[in-house]
Amino acid sequence: MNLFWLKYVSYAFLAGAAFFYFALRLNRLPLRRATQLILYAVCIVLACVAWHVQESNSDRYSPRRLIIGTVTSVNENGHKSGSIDDDFQLQFESGSRSPEFSTDIVADRADKQPIHRGDLLGVLYRTWDNVPLTIDEIQGQHVGWRYKRSDDGDAYIFGVSAGGLVGFIGAFAASRNRRAQVPSPVTALHINE
């Protein structure tokens, strides 16, 4: 069964974590601080679990399809480290186009970009989420180049966990000595004057 919708559940839990983070920072909810911290942590954990379940389900059960086509568009995405990943699309001899594919890291520098417009590629991908598992360059500037997917969602889970831990520490520290704010009276009566 295709559980693609669990990615959106993961995003919803991230939104819940953001809500509790700002609620802790601004001290606006009538819940105890400990309850808010627990709800924040639960949202982070459930976001990671939902992502992992969806990814492992697709990896195990999604049908695979092998296609061969010519690259019609490619967008490289650079990272601070200098490495790049690509978004690309193929065109078949019939004139129809493939889904758009997104890769993990394909090169450690932009000048080593392996995928170019006009290259003939063979792509094995999961049909449920269009994730390329292998890419082979048949004709082009880097004939024989092969890509094998290595990321199984671990980067997302690591990022959410690390960011969640930093957010938890920040929210805990900011809310530690705060008390619920009581509104000050606008007017004061001076009876003895």
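Each residue is numbered by its place in its chain's sequence as written, counting from 1. Under the rules for a predicted model, residues below a pLDDT of 70 receive no local features and side-chain atom pairs below 80 are neither given nor counted, while totals for whole chains, interfaces and linings still include all residues. Remark: hydrogens and water are excluded; side-chain values derive from all non-hydrogen atoms of the structure.

Paired rings are identified among Phe, Tyr and Trp, the last through its six-membered ring, by centres lying within 6.5 Å, and are further divided according to the angle between planes into stacked (under 30 degrees), edge-to-face (over 60) and tilted (the rest). In the structure shown here, the tally under the stated rule is 11 aromatic pairs. Pairing Y8 with Y11 gives two aromatic rings, centres 6.1 Å apart and planes at 75 degrees, and the pair type is edge-to-face. Taken as a pair, Y8 and Y11 lie in helix α1 (residues 6–26) at a separation of 3 residues, close to a single helical turn. Consider the rings of F88 and F101, whose centres lie 5.5 Å apart with planes at 45 degrees: the pair is tilted. Here F88 is found in strand β2 (residues 84–91), whereas its partner F101 is found in strand β3 (residues 101–107), with 13 residues between them in sequence. Only DSSP runs of H or I covering at least 4 residues are called helices, and only runs of E covering at least 2 are called strands; the numbering of each starts at the N terminus.

Moving on, we get to a nonpolar patch on the surface. On the surface, I38, V42, V45, L46, V49 and V53 cluster together to form a nonpolar patch covering roughly 460 Å² of accessible area. When you line up the elements, I38 lands in helix α2 (residues 33–61). Here, patches come from residues exposed beyond 30% relative accessible area and free of salt bridges, joined within 9 Å for like charges and within 5 Å for nonpolar side chains (Val, Leu, Ile, Met, Phe, Trp, Tyr). Working definition of accessibility: Shrake-Rupley area with a 1.4 Å probe, residue cover restricted to the visible protein chains. For this analysis, a salt bridge means a side-chain nitrogen from Lys or Arg found within 4 Å of a carboxyl oxygen belonging to Asp or Glu.

Our next topic: α1. Expected helix span is given by 1.5 Å per residue-to-residue step, counting one fewer step than there are residues. Taking 1.5 Å per residue as the helical rise, α1 with its 21 residues ought to reach 30 Å, and the 30 Å between its terminal C-alpha atoms agrees with that figure. Positive phi appears at N27, one or two residues downstream of α1, with a value of about 55 degrees.

Note: two strands are recorded as paired if DSSP finds a minimum of 2 bridges between them. What the 6 strands build is an open sheet, ordered β3-β2-β1-β4-β5-β6; its pairing is antiparallel. Strands at the two margins of the open sheet, each flanked by one partner only, are β3 and β6 (146–148). Strand after strand, the sheet turns through a mean of 40 degrees between neighbouring axes, direction not considered. Note on definitions: angles span 0 to 180 degrees between N-to-C directions of axes, and those axes are lines fitted to C-alpha atoms, for helices only across the stretch in contact.

Both faces of the sheet carry side chains from a regular strand, because those side chains alternate between them. Note on exposure labels: buried denotes an accessible area under 20% of the residue type's maximum, exposed denotes more than 50%, and partly exposed covers the range between, all computed with a 1.4 Å probe on protein chains only. Counting buried positions along strand β4 (residues 120–126) gives 6 out of 7 residues, so the element sits mostly inside the fold. In this sheet, β4 lies alongside strand β1 (residues 64–78) in antiparallel orientation, the contact comprising 7 bridges. Pairing of L66 across the sheet is with L124, part of β4. Here β4 pairs with strand β5 (residues 131–139) via 7 bridges, running antiparallel. Following the sheet pairing, L120 is matched in β5 by Q139. Where β4 folds back on β5, the antiparallel hairpin that results is connected by 4 residues, among which N130 adopts a positive phi of roughly 55 degrees.

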